[in-house]
Amino acid sequence: MKEQEAKIILKDAYKKIKQLIRDEKWVDAHRACIEILRFDPDSIKIIRLKNVIEKNVKKINIIAIKEDVKKLQPLRDQGKYEELLQNLKELEPYLNDYPPLKKIILEAQEGYRKQVEKEQKEYVSAELENIKSLLNEKKYQEAIRNAEKLRIQKYNEDVVKEWIKKIRDNWIDNELNQNEMLIGSSKYEDILLFLQKLKKIDANNAKLTKLTEEIKKRNNQFKLEQKRDYIFIGLEKTRTLLQMRKYAKAVTAAREILDIDPTNSQARQLHETASKKEAKLINKDLTRNMKLARKEIKSAYKQNKKDFIRF
């Protein structure tokens, strides 16, 4: 009895599914097949119906996909690839049903890539022209900022790097030209400070490096000349003090020269001479003072012997 009831139920379900198919209610028909197969997985009739439904759905899907692709053709013709790809993304779940869809998506992606590349190229070209104008107007800081923005995008990076170097070189050249008088002067400390500031623009600038080394050499030579003049005057002063027998001052003057140039043989010799003469003079004065003191003591002793104690 139960088997008979099952056959009746299956027969009714079969009729119902057939009607759903005639009515093209494919989702409901497919769902009904799945429900029956859950209880009777070996039902050949239902399996065949399920296959028929799936084939028809696939055909319908293909027709729908073709229609959707056809509707998207204007976007393709107008080069609106970004919008086209957004619409094609919704069709991706049906790639297995309609393999040509993959080719259409790839073509849209390639079109979008070329479009972006072209726009980037045009953008970079326009920005480089703007940077060139800023450079001609000597607006170096603004030019550098715009070039750095391009460099961050890493598009045509080598060309952008060349422009950055060109801007920095021009900027440094302009600063050097404007301060030509300072650079040609003997204000070496000021010049070196100025060049140090320019290094903030480009620490690796070859012209700046070379000029800094030249100024340092000029500064050292200038200091050496000043030192020589001072030593020459100091030697003459020391000799004069010796001639005037102002030995203590001569020693001090010679010592000052040796503090500047410890290897100066003339200053060392004058220092030794002055030191000896000063020592000799001190001894002479000391001897004279001692003799005077002895005379005074003898005189006082003669006048009043009681004030003295003999040992």
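Structural notes, computed from the coordinates. (Residues numbered from 1 in each chain as written. Predicted model: local features only at pLDDT ≥ 70, side-chain atom pairs only at ≥ 80, totals over all residues. Heavy atoms only, no water.)

## Focus on the environment of Glu-24
To keep it simple, the criterion reads: By definition, any uninterrupted DSSP run of H or I lasting at least four residues is a helix, any uninterrupted run of E lasting at least two residues is a strand, and each is numbered from the N terminus. Buried residues are those whose accessible area, probed at 1.4 Å on protein chains only, stays under 20% of the maximum for their type, while exposed residues exceed 50% and partly exposed ones sit between those limits.
Inspection of the secondary structure assignment puts Glu-24 in the loop between helix H1 (2-22) and helix H2 (26-39). The exposure class of Glu-24 is exposed, given its relative accessible area of 56%. C-alpha of Glu-24 to C-alpha of Val-57: the two residues are 33 residues apart in sequence and 9.4 Å apart in space.

## Digging into the packing of helix H5 (residues 81-89) against helix H6 (residues 100-136)
For any two helices packed against each other, one specifies the crossing angle of their axes together with the interaxial distance. Counted only if it meets this: Here an axis means a line fitted to C-alpha atoms, over the contact stretch when the element is a helix, while the angle between two N-to-C directions is reported on a 0 to 180 degree scale. For this classification, under 35 degrees means roughly parallel, over 145 means roughly antiparallel, 65 to 115 means roughly perpendicular, and everything else is oblique. Take the far helix as the reference: if the near one is turned anticlockwise from it by less than a right angle, the crossing is left-handed, and if turned clockwise, right-handed. Two residues qualify as a contact provided that any one of their heavy atoms is within 4.5 Å of a heavy atom in the partner residue. Polarity classes work like this: nonpolar for Ala, Val, Leu, Ile, Met, Phe, Trp, Tyr, Cys and Pro, charged for Asp, Glu, Lys and Arg, and polar for all others, with Gly in that last group.
The geometry of H5 relative to H6 is characterised by a closest axis approach of 9 Å and an angle of 150° between their N-to-C directions. It follows from the interaxial angle that H5 and H6 lie roughly antiparallel. The hand of the H5/H6 crossing is left-handed. Facing H5, whose interface residues are Tyr-81, Glu-82, Leu-84, Leu-85 and Leu-88, H6 presents Leu-101, Ile-104, Ile-105, Ala-108, Gln-109, Gly-111, Tyr-112 and Gln-115. Each residue belonging to the contact of H5 with H6 can be placed in one class, and the counts come to nine nonpolar, three polar and one charged.

## Some remarks on the packing of aromatic side chains
Between two aromatic rings, the relevant description is the distance of the centres plus the angle of the planes. Rules: Pairing of aromatic rings covers Phe, Tyr and the six-membered ring of Trp, with a centre-to-centre limit of 6.5 Å; geometry is then stacked below 30 degrees between planes, edge-to-face above 60, and tilted otherwise. Any Lys NZ or Arg CZ found within 6 Å of a ring centre and within 35 degrees of that ring's normal is scored as a charge over the ring.
Here the structure, examined in full by the defined rule, presents two aromatic pairs. On the basis of an interplanar angle of 10° and a centroid distance of 5.8 Å, the ring pair of Tyr-140 and Trp-171 is categorised as stacked. Here Tyr-140 is found in helix H7 (residues 140-153), whereas its partner Trp-171 is found in helix H8 (residues 157-178), with 31 residues between them in sequence. Overall, Tyr-140 belongs to the buried group, its relative accessible area being 8%. Of the residues examined, Trp-171 reaches a relative accessible area of 16% and is grouped as buried. With centroids separated by 5.4 Å and ring planes inclined at 55°, the aromatic side chains of Tyr-188 and Phe-222 adopt a geometry described as tilted. Of this pair, Tyr-188 sits in helix H10 (residues 188-198) while Phe-222 sits in helix H11 (residues 206-243), placing them 34 residues apart in sequence. Geometry around Tyr-14 places Lys-45 over its ring, the cationic atom sitting 5.3 Å from the centre.

## Thoughts on the nonpolar core
Basically, it comes down to this: We define a nonpolar core as any set of buried Ala, Val, Leu, Ile, Met, Phe, Trp, Tyr and Cys residues linked to one another through side-chain atoms lying within 4.5 Å.
Counting residues in hydrophobic clusters, the biggest one holds 29 residues, and the most contacted among them are Ile-131, Ile-167, Leu-176, Leu-195, Leu-198 and Ile-215. Listed by contribution, the elements that provide at least two residues to this core are H6, H7, H8, H10 and H11. Top element by residues in this core is H8. It accounts for seven residues. With sequence-adjacent residues up to four places away left out, Ile-215 is seen in contact with Ile-183, Tyr-188, Ile-191, Leu-192 and Leu-195. Judged by nonpolar contacts, the second largest core, of 13 residues, contains Leu-241, Ala-250, Ala-253 and Ile-257.

## Focus: the pattern of salt bridges
Convention followed: Each reported salt bridge corresponds to a side-chain nitrogen of Lys or Arg within 4 Å of a carboxyl oxygen of Asp or Glu.
Applying the stated criterion across every chain yields a total of 14 salt bridges. Its salt-bridge partner being Arg-76, residue Glu-107 comes within 2.2 Å of it at the nearest N-O pair. Here the residue Glu-107 occupies a position in helix H6, and Arg-76 occupies one in helix H4 (residues 73-77), the gap between them amounting to 31 residues. Measuring nitrogen to oxygen at the nearest pair gives 2.9 Å for the salt bridge that ties Lys-165 to Asp-169. Taken together, the residues Lys-165 and Asp-169, both in helix H8 and four residues apart, mark about one turn of the helix. On the accessibility criterion, Asp-169 (19% relative accessible area) is buried. Connected via shared salt-bridge partners are Glu-110, Arg-113 and Glu-117.

## A word on a negative patch on the surface
Filter applied, for reference: Like charges are joined within 9 Å and nonpolar side chains (Val, Leu, Ile, Met, Phe, Trp, Tyr) within 5 Å, but only among residues with over 30% relative accessible area and no salt bridge; these make up the patches. The method behind every accessible area is Shrake-Rupley, applied with a 1.4 Å probe, and residues are considered shielded solely by the protein chains displayed. Under the counting rule used here, the positive set is Lys and Arg, the negative set is Asp and Glu, and His together with the chain ends is not counted. Charged groups are reduced to one reference atom each: NZ for lysine, CZ for arginine, CG for aspartic acid, CD for glutamic acid.
On the surface, Glu-82, Glu-83, Glu-119 and Glu-122 cluster together into a patch of negative charge. Every element with two or more residues in the negative patch is listed here: H5 and H6. Tracing the chain through its elements places Glu-122 in helix H6.

## Structural notes on the side chain of Asn-174
Summarising the element assignment, Asn-174 is placed in helix H8. When residues no more than four places from it in sequence are discounted, the contact partners of Asn-174 are Lys-138 and Tyr-140.

## Quick word on the packing of H6 against H7
Relative to each other, H6 and H7 sit at 160°, their axes nearing to 8 Å. In this view, H6 runs roughly antiparallel relative to H7, as classed from their interaxial angle. Between H6 and H7 lies a crossing whose hand is left-handed. Contacts between H6 and H7 involve Tyr-123, Val-124, Glu-127, Leu-128, Asn-130, Ile-131, Leu-134 and Leu-135 from the first element and Tyr-140, Glu-142, Ala-143, Asn-146, Ala-147, Leu-150 and Gln-153 from the second. Among the residues making up the contact of H6 with H7, the classes are represented as 10 nonpolar, three polar and two charged.

## Section: the environment of Phe-222
Take Phe-222: its relative accessible area is 31%, and that puts it in the partly exposed class. For Phe-222 and Tyr-188, which are 34 residues apart along the polypeptide, the C-alpha to C-alpha distance reads 9.0 Å.

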